[in-house]
Amino acid sequence: MTGWRPGAAVLLLPVTLLLSWAHSSSAWTCGQKRSTKPEKSEILEITGGEPANIRDCPWQVGILYQGRHLCGGSILSEWWILTAAHCFINRKVTDIQKWRNCWVTGWGITTTRHSMTSELQKVNIKLIKWKTCSHIMPIFTRNMLCAGSPQGGKDACQGDSGGPLVCQKKTNQGIWYQLGIVSWGVGCGRKRLPGVYTKVSNYLSWIDTETAKSGKPYVHERDSGYGLLLSPWAILLLYFVILLLPL
Ligand code: ARG
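Note that the structure is predicted; figures quoted are calculated from it, not measured. Sequence order as written defines the numbering, with residues in each chain counted from 1. Since the coordinates come from a predicted model, pLDDT governs what is reported: local features require at least 70, and pairs of side-chain atoms require 80 or more to be given and counted, while whole-chain, interface and lining totals use all residues. Note that water and hydrogens are dropped before the side-chain values are worked out from all heavy atoms of the structure.

A.B. asks: Is there a simple way to think about the overall build of the chain in this case?
C.D. replies: The helix and strand labels rest on DSSP assignments: H or I over at least four residues marks a helix, E over at least two residues marks a strand, and numbering proceeds from the N terminus. Each helix and strand in the chain was counted, giving 5 helices and 9 strands. N-terminal to C-terminal, the α/β element order of the chain is α-β-β-β-α-β-β-α-β-β-β-β-α-α. In the chain, 55% of the contacts between residues at least 6 apart in sequence involve partners at least 24 apart. Per-residue and other accessible areas were derived by the Shrake-Rupley procedure at a 1.4 Å probe size, with only the shown protein chains allowed to occlude residues. As displayed, the chain offers around 15900 Å² of accessible surface, 59% of which is attributable to carbon and sulfur atoms. Residue contacts follow a heavy-atom distance rule, with two residues in contact if any of their heavy atoms lie within 4.5 Å.

A.B. asks: Would you mind going over the site of the ligand with me for this structure?
C.D. replies: Put simply, a residue is near a molecule or strand once any heavy atom of it comes within 4 Å of that molecule or strand. Lining the immediate environment of the ligand, one finds 14 residues, of which Asp155, Gly159, Ser161, Ser183 and Gly187 sit closest. One of the backbone N or O atoms of Ser183 is found 2.9 Å from a nitrogen atom in the ligand. Surface burial for the ligand is 85%, taken as the share of its 350 Å² of free accessible area covered by protein chains. Tallying contributions element by element places strand β8 (residues 176–184) first for the shell around the ligand, with 3 residues. In terms of residue class, the shell around the ligand is built from 5 nonpolar, 7 polar and 2 charged. Counted as a polar contact is a pair of N or O atoms within 3.5 Å, where, for protein atoms, one must be capable of donating a hydrogen and the other of accepting one, and residues adjacent in sequence contribute only when both atoms are in side chains. Side-chain classes follow a simple rule in which Ala, Val, Leu, Ile, Met, Phe, Trp, Tyr, Cys and Pro form the nonpolar group, Asp, Glu, Lys and Arg form the charged group, and the remainder, Gly included, forms the polar group.

A.B. asks: Which parts of the structure should I look at to understand the state of the cysteines?
C.D. replies: Each disulfide consists of a covalent bond between the sulfur atoms of two cysteine residues. When two cysteine sulfur atoms are found within 2.5 Å, that pair is recorded as a disulfide. Per the stated rule, a full pass over the model turns up 4 disulfides. The disulfide partner of Cys102 is Cys167, and the S-S distance across this bridge is 2.0 Å. The sign of the S-S torsion, about 110°, decides the handedness of the disulfide formed by Cys102 and Cys167: right-handed. Placement of Cys102 in strand β4 (residues 99–106) and of Cys167 in strand β7 (residues 164–169) is noted, with a sequence separation of 65 residues between them. For Cys133, the disulfide goes to Cys146, at an S-S distance of 1.5 Å. Where Cys133 bonds to Cys146 through sulfur, the torsion about that S-S bond is close to 65°, and the disulfide is right-handed. Taken together, the positions of Cys133 in helix α3 (residues 130–136) and Cys146 in strand β6 (residues 144–148) put the pair 13 residues apart, joining distant regions of the chain.

A.B. asks: Any chance you could explain the pattern of salt bridges here in plain terms?
C.D. replies: For side chains of opposite charge, pairing can occur when their charged atoms come near one another. Counted as salt bridges are all cases of a side-chain nitrogen of Lys or Arg within 4 Å of a carboxyl oxygen of Asp or Glu. All told, the structure shown has 1 salt bridge when counted by the stated rule. A salt bridge links Glu210 to Lys213, with the nearest nitrogen and oxygen atoms 3.0 Å apart. Here Lys213 and Glu210 lie together in helix α4 (residues 204–213), a separation of 3 residues that amounts to about one turn.

A.B. asks: How should I be thinking about the sheet that holds strand β1 (residues 60–65) in this particular structure?
C.D. replies: Strands pair in a sheet through their backbones, by hydrogen bonds, and they do so in one of two ways: parallel or antiparallel. As summarised here, the arrangement of the 3 strands in space is β1-β2-β3, forming an open sheet in which the pairing is antiparallel. With partners counted over all chains shown, the strands left at the sheet margins are β1 and β3 (81–82), one partner each. Whether two strands pair comes down to DSSP finding at least two bridges between them. Inspection of the sheet shows β1 paired to strand β2 (residues 68–75) by 6 bridges, in the antiparallel sense. The residue bridging Gln60 from the neighbouring strand is Ser74, located in β2.

A.B. asks: Would you mind showing me how to read unusual backbone geometry here?
C.D. replies: As a rule of thumb, non-glycine residues mostly have phi less than zero, and peptide bonds are mostly trans rather than cis. For Asn101, which is not glycine, the phi torsion reads 55° and is therefore positive. Summarising the element assignment, Asn101 is placed in strand β4. Look at Arg192: it is not a glycine, yet its phi comes out positive at around 60°. Counting through the fold element by element, Arg192 comes out in the loop between β8 and β9 (195–199). Buried means the residue's accessible area, taken with a 1.4 Å probe over protein chains only, is under 20% of the maximum for its type, while exposed means over 50%, and partly exposed covers the values in between. A relative accessible area of 60% places Arg192 in the exposed class.

A.B. asks: Even after reading the chapter, I still don't get the environment of Pro164, so can you show me in this structure?
C.D. replies: By the secondary structure assignment, Pro164 is in strand β7. Looking at Pro164, the relative accessible area reads 28%, which means it is partly exposed. Considered as a pair, Pro164 and Tyr177 are 13 residues apart in the sequence and their alpha carbons are 9.5 Å apart. Residues contacting Pro164, with those up to four places away along its chain left out, are Trp103, Val104, Thr105, Gln178 and Gly180.

A.B. asks: In this structure, what is going on with the pairing of β7? I would like to understand it.
C.D. replies: Across a regular strand the side chains alternate sides, sitting on one face of the sheet and then on the other. Of the pairings in the sheet, the one linking β4 to β7 comprises 4 bridges and is antiparallel in character. Looking at the pairing, Trp103 lines up with Val166 of β7. The turn joining β7 and β8, which pair antiparallel and follow one another in sequence, is formed by 6 residues.

A.B. asks: Please explain the sheet that holds strand β5 (residues 121–128) as it appears in this structure.
C.D. replies: Pairing in this closed barrel of 6 strands is antiparallel, and the strands run β4-β5-β6-β9-β8-β7 around the ring. Across the sheet, the mean angle from the axis of one strand to that of its neighbour is 45°, orientation sign disregarded. Here 5 bridges tie β4 to β5, and the two strands are oriented antiparallel to one another. Along β5, the bridge assignment pairs Thr105 with Lys122. Fitted lines through C-alpha atoms give the axes, limited to the stretch in contact for helices. The angle between two N-to-C directions lies from 0 to 180 degrees.

Rendered as structure tokens:
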């Protein structure tokens with residue numbers, strides 16, 4: 001199952017739901033409309049258009065993200081949806097909306113003492129959109145995330161590297177997730193110069209592989225990183241359960 005990607009997982013769910021509806025109606029041929037009513041106009045406009053019946057365009061799917069409409073798509077087969085790449089490219093970035101209460105901790109340099117501290121310090125910071133940081137920071141890759149406070153003054157600093165940036169999910173406030181590893185910054189706590197962290201979710205499979213190689217595999221939580229990533233097996237199971245339901 002190494003060929004699975006998060007995007008594929010995201011795509012399959014709407015197909016599953018749509019197909020269960022399609023199967024419960026009578027059979028239809030690919031590319032054929034269900035309605036026999038004549039078209040008002042053969043020019044299908046969306047700006048300046050008119051309400052459409054889904055039965056007239058049974059190939060159409062709506063792709064939802066966190067319960068909201070994200071993009072349109074079309075059914076290629078029972079397994080595949082065709083859609084635009086940009087619908088998914090920055091999805092993980094806007095994930096930041098689902099996190100709250102982020103903290104970074106460490107024994108690094110503090111502003112008051114200008115030296116390392118023997119007492120562990122914590123500071124509450126906010127995750128910042130990838131795009132914003134990619135404009136501000138001199139180097140910013142997809143394997144990085146950034147966080148800070150709008151007024152500055154809250155940040156990790158020298159000596160904090162390697163330590164965790166943890167947050168809670170808005171939907172589940174009981175669990176803490178490590179989203180980042182303290183990495184670098186331009187100075188510390190400067191206004192409009194957030195701290196940069198290694199994005200842990202991009203390294204989950206690397207962690208799996210490396211720890212497995214050493215014979216002591218670390219098995220990460222199913223929803224580590226991003227909750228949208230249902231396992232391919234779970235999606236397959238859901239697919240069959242929903243298909244078999246009307247029988
Ligand atoms: N590289 C530093 C270290 O070795 C961490 C710097 C973090 N800087 C920041 N502004 N967040 O400890």
